[in-house]
Amino acid sequence: MDHELAAEMLGTGLTFPPNLGAVVRRTVANGELPALVVIHDPDGDWLVGDGINDPNIPDACGIYCLAHVAEMDPAITETAGLRSGFAAYRDDAGQPWKVEPFAFEDE
């Protein structure tokens, strides 16, 4: 991935629109674990995961206001500039985000 393109999509001072909903892993939404994965999928939807637990099990995720989730984990706002079709990953809270192109496995 081009370093300049990645830097363009990440940064401080970014914000999410106040009414933007996202599919968020409940462990992140309730503050149990930090967000380690933020996806802006090719359809324009946002997904936030803890990078550890399977988000596909029943009741693992819910729809949350992304701005409110980012208030609990302010590092999420650094990803607000992600373009559709990209994801940001980090190894642990406090680590920098890494941006990569994203597509669902069946696409």
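Residues numbered from 1 in each chain as written. Predicted model: local features only at pLDDT ≥ 70, side-chain atom pairs only at ≥ 80, totals over all residues. Heavy atoms only, no water.

J.: Please clarify how the nonpolar core should be interpreted in this entry.
T.: As a rule of thumb, nonpolar side chains are buried together in soluble globular proteins. Core analysis: the largest hydrophobic core is formed by 21 residues, its most contacted members being Val-48, Ile-76 and Leu-82. Residue assignment for this core shows that the elements contributing at least two residues are strand S1 (21–25), helix H2 (26–29), strand S3 (46–49), helix H3 (66–72) and strand S5 (86–89). Counting residues per element, this core draws most heavily on H3, which supplies 3 residues. Contact partners of Ile-76, with chain neighbours within four places excluded, come to Phe-16, Ala-35, Val-38, Val-48, Leu-66, Val-69, Ala-70 and Trp-97. (Core = buried A, V, L, I, M, F, W, Y, C linked by side-chain atoms within 4.5 Å. Buried < 20%, exposed > 50% of the residue type's maximum accessible area, 1.4 Å probe, protein only. Helix = DSSP H or I, 4+ residues; strand = E, 2+ residues; numbered from the N terminus. Contact = heavy atoms within 4.5 Å.)

J.: What is the right way to look at the environment of Val-37 in this model?
T.: Mapped onto the fold, Val-37 is located in strand S2 (residues 37–40). Considering only alpha carbons, one finds Val-37 and Leu-47, 10 residues apart in sequence, at a separation of 8.0 Å. If near-sequence neighbours (up to four positions away) are discounted, Val-37 is found in contact with Leu-47, Val-48, Gly-49, Gly-51, Ala-88, Tyr-89 and Trp-97.

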